[in-house]
Amino acid sequence: MKDLQALREKLSCLDVELLEMVARRQAIVAEIGRVKSSAGKGTRDYAREKDVLNLARQTARRVGVDEDIGEEMFRLLIRASLAAQELDKVTSEKTGSGKRALVIGGAGQMGQWFVRFLSAQGYSVEICDPKGGASGYRCYGSLGDTDLSQDMIVIATPIKETRILLDELAVRRPDGIIFDISSLKGPLDPALHNLVAAGCRVTSIHPMFGPDTELLSGRNVVFVDLGVAEATAAVRELFNSTMAEQVSMSLDDHDHAMAYVLGLSHAVNIAFFNALSQSGEQAEGLAKFSSSTFDAQMDVASHVAEENPYLYFEIQSLNTHTPRALVTLLNAVTQVAGRVLDGDEKGFVELMAQGKAFLARRPEDRP
Ligand SMILES: C=C(O[C@@H]1C=C(C(=O)O)C=C[C@H]1O)C(=O)O
């Protein structure tokens, strides 16, 4: 027992050293970030990352550590470097210095993300939300309480509420740049164009990530330009210091894509966990036999189950492209069931081959 105690103490010392080394690595990473920034270079360097990961695998092999563990450790470290460099860049560029921003719905989850994001850019952020806002920010209970003199106005409210707010803004015609972040654009089409007609500088975006996101590398932000180029350019500028991919789309193409990217994947998961819960099987019992596919699917389903059901209903019910996506899903499920119940092996294999060929066309993951 004494040996065990002594060995564990030795191990704890090593763990502390490991973390101290991580901190030293991060300090160098921060310096590299500043050098790249002053040389006008982008934050992410995929070729260098590949070299870092190769070295990790080689070294792991040499010292007798599993290569996959070596690589995984360094993937995590690279993610940490990128998140730190991105935040540093956003903060140091001070795009919003001397300017004011209003986040309507700033107490909601994505609203809070924008409050943090705009604050990091140097904006003096104000919040409009009946639920109040984070402490340290000026807060208005309703739109009527502010004169709307801010330079940037973000609308981060449920879709139906956003429509009403856009109408109110069209009457009050603020001078600042206005944008919404709704998951669907079709239901806002008349209100957004009404705002353009009122002479407002408005654009529409859809951040394709959740409120917990810290690192924007590998994430997309969709821009739906409404014909006011100045507004779109100003909002693009907010994301220029990040590694987010900026994607342009028309309003209708956006909702068409969302019927699959959001609607179909949500529906599949809602159907999956309800099929399980209605099957009479017990979750605890199934967990005992879980396979890697089941576990992975359960993880995704659990994320979906935690989401806001009202928002998820809006995403289904307010998209005019939803019926087509859901009918396609019903057909696909019927097809799988049909071929299995008919004992049609050839047909079943064909279904899997078709899907595999489709998935193979996905762009490869970068390191
Ligand atoms: C540290 C750098 O920035 C990023 C982080 C890397 C790392 O943590 O090793 C590698 C490449 C870059 O994407 C760098 O460019 O060297």
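Only a predicted model underlies this, so the values are computations on that prediction, with no experimental measurement involved. (Residues numbered from 1 in each chain as written. Predicted model: local features only at pLDDT ≥ 70, side-chain atom pairs only at ≥ 80, totals over all residues. Heavy atoms only, no water.)

Enquirer: Tell me about the overall build of the chain, residues and numbers included.
Expert: Counting its regular elements, the chain contains 13 helices and eight strands. Dimensions of the chain along its principal axes, counting C-alpha atoms only, are 70 × 65 × 40 Å. Classification of the 367 residues of the chain by burial places 34% in the buried group. Summing over all exposed atoms, the chain offers an accessible surface of approximately 22,000 Å²; the carbon and sulfur share of this is 56%. Of the charged side chains in the chain, 39 are positive and 50 negative; the average position of the first set lies 5 Å away from that of the second. (Helix = DSSP H or I, 4+ residues; strand = E, 2+ residues; numbered from the N terminus. Buried < 20%, exposed > 50% of the residue type's maximum accessible area, 1.4 Å probe, protein only. Areas by Shrake-Rupley, 256 points an atom, 1.4 Å probe, with all protein chains shown as cover. Lys, Arg positive; Asp, Glu negative; His and termini not counted. Charge placed at Lys NZ, Arg CZ, Asp CG, Glu CD.)

Enquirer: Describe in detail a nonpolar patch on the surface, supporting the description with residues and values.
Expert: On the surface, Val336, Val340, Leu341, Phe348, Val349 and Met352 cluster together to form a nonpolar patch covering roughly 590 Å² of accessible area. Within the residue set of the nonpolar patch, elements represented by two or more residues are α12 (322-341) and α13 (345-360). Here Met352 falls in the exposed class, since its relative accessible area comes to 56%. (Patch = residues over 30% accessible without salt bridge, like charges linked within 9 Å, V, L, I, M, F, W, Y side chains within 5 Å. Salt bridge = Lys/Arg side-chain N within 4 Å of Asp/Glu carboxyl O.)

Enquirer: Account for the site of the ligand, naming residues and giving values.
Expert: Taken together, Arg25, Ile32, Lys36, Arg44, Asp45, Arg48, Glu49, Val52, Ile78, Ser81, Leu82 and Gln85 are the residues near the ligand. Within the contact set of the ligand, an oxygen atom lies 3.0 Å away from a backbone nitrogen or oxygen of Asp45. Note that an oxygen atom of the ligand is positioned 3.3 Å from one of the side-chain N or O atoms of Gln85. Contact with the protein chains covers 95% of the free accessible surface of the ligand, which is 360 Å². When each cavity is represented as a set of grid points, the ligand is found to reside in the second largest pocket. Broken down by secondary-structure element, the contributors of at least two residues to the shell around the ligand are α1 (2-38), α2 (46-63) and α3 (67-93). For the shell around the ligand, the element with the highest residue contribution is α3, accounting for four residues. Among the residues making up the shell around the ligand, the classes are represented as four nonpolar, two polar and six charged. (Near = heavy atom within 4 Å. Polar contact = N/O pair within 3.5 Å; in protein donor to acceptor, adjacent residues only side chain to side chain. 1 Å grid on protein atoms, 1.4 Å probe; cavity = no way out; pocket = protein on both sides within 12 Å on 5 of 7 lines; lining within 4 Å. Sits in = over half its atoms within 2 Å of the grid points. Nonpolar A, V, L, I, M, F, W, Y, C, P; charged D, E, K, R; others polar.)

Enquirer: How would you summarise the pairing of strand β6 (residues 202-207) if you had to cite specific residues and measurements?
Expert: Burial of β6 is extensive: six of the six residues sit out of reach of the surface. Covered by surrounding structure in β6 are Val202, Ser204 and His206 together with Thr203, Ile205 and Pro207, the residues of both alternating faces. Where the polypeptide runs from strand β5 (residues 177-180) across helix α6 (residues 189-197) and back to β6, its parallel neighbour, the crossover connection is right-handed. Looking at chain direction, β6 and strand β7 (residues 220-224) are connected through four bridges and run antiparallel. Bridged to Ser204 within β7 is Val224. (Right-handed = clockwise from strand over helix to strand, strands pointing away. Pairing = 2+ DSSP bridges.)

Enquirer: Go over the environment of Asp167 with me, naming the residues and quoting the values.
Expert: Structurally, Asp167 can be placed in helix α5 (residues 159-172). In this structure, Asp167 is in contact with Ala191 and Asn194, ignoring residues within four places of it in sequence. (Contact = heavy atoms within 4.5 Å.)

Enquirer: Got a sec to walk through the environment of Val300? Specific residues and values, please.
Expert: One can find Val300 in helix α10 (residues 292-306). Its relative accessible area of 42% is what places Val300 among the partly exposed residues.

Enquirer: Describe the sheet that holds strand β3 (residues 138-140), and please don't skip the residues or the numbers.
Expert: Pairing is mixed in the open sheet, where eight strands are placed in the order β3-β2-β1-β4-β5-β6-β7-β8. Of all strands in the sheet, those bounded by a partner on one side alone are β3 and β8 (245-248). Each adjacent strand pair in this sheet contributes to an overall mean axis angle of 25°, direction not counted. Inspection of the sheet shows strand β1 (residues 100-104) paired to strand β4 (residues 152-155) by four bridges, in the parallel sense. (Axes fitted to C-alpha atoms, helices over the stretch in contact; angles between N-to-C directions.)

Enquirer: Residues and numbers for α12, please.
Expert: Helix length check: α12, at 20 residues, gives a terminal C-alpha distance of 28 Å against a target of 28 Å (1.5 Å per residue), a fit within 8%. If you check which residues of α12 are buried, you get Thr322, Ala325 and Leu329. For α12, the angular spread of the buried residues around the axis is 75°, confining them to a single face. Exposed residues on α12 whose side chains face more than 90 degrees from its buried face are Pro323, Arg324, Leu330, Thr334 and Leu341. Residues of α12 that are buried in the fold lie against α8 (251-278) and α11 (309-317). Residue Gly343 follows α12 closely and has a positive phi angle near 65°. (Expected span 1.5 Å × (residues − 1). Arc of directions from axis to C-beta.)

Enquirer: I'd like a rundown of the domain arrangement of the chain, residues and numbers included.
Expert: Its domain assignment divides the chain into domain 1 (2-92), domain 2 (94-249) and domain 3 (253-359). Of note, the centres of domain 1 and domain 3, computed from C-alpha atoms alone, are 37 Å apart. (Domains from an automatic or database assignment.)

Enquirer: Tell me about the side chain of His206, and please be specific about residues and values.
Expert: Structurally, His206 is set in strand β6. Within the structure, the side chain of His206 is placed 2.8 Å from the side chain of His254, a separation counted as a polar contact.

Enquirer: Just give me the short version of the layout of surface pockets, but keep the residues and values in it.
Expert: Rolled over the atoms, a probe as big as a water molecule pinpoints where empty space is left. The calculated volume of the second largest pocket comes to roughly 930 Å³. Broken down by secondary-structure element, the contributors of at least two residues to the lining of the second largest pocket are α1, α2 and α3. Top element by residues in the lining of the second largest pocket is α3. It accounts for 11 residues. A per-class count over the lining of the second largest pocket returns 20 nonpolar, six polar and seven charged. (Points joined across faces, edges and corners; volume = space filled by probe spheres on them.)

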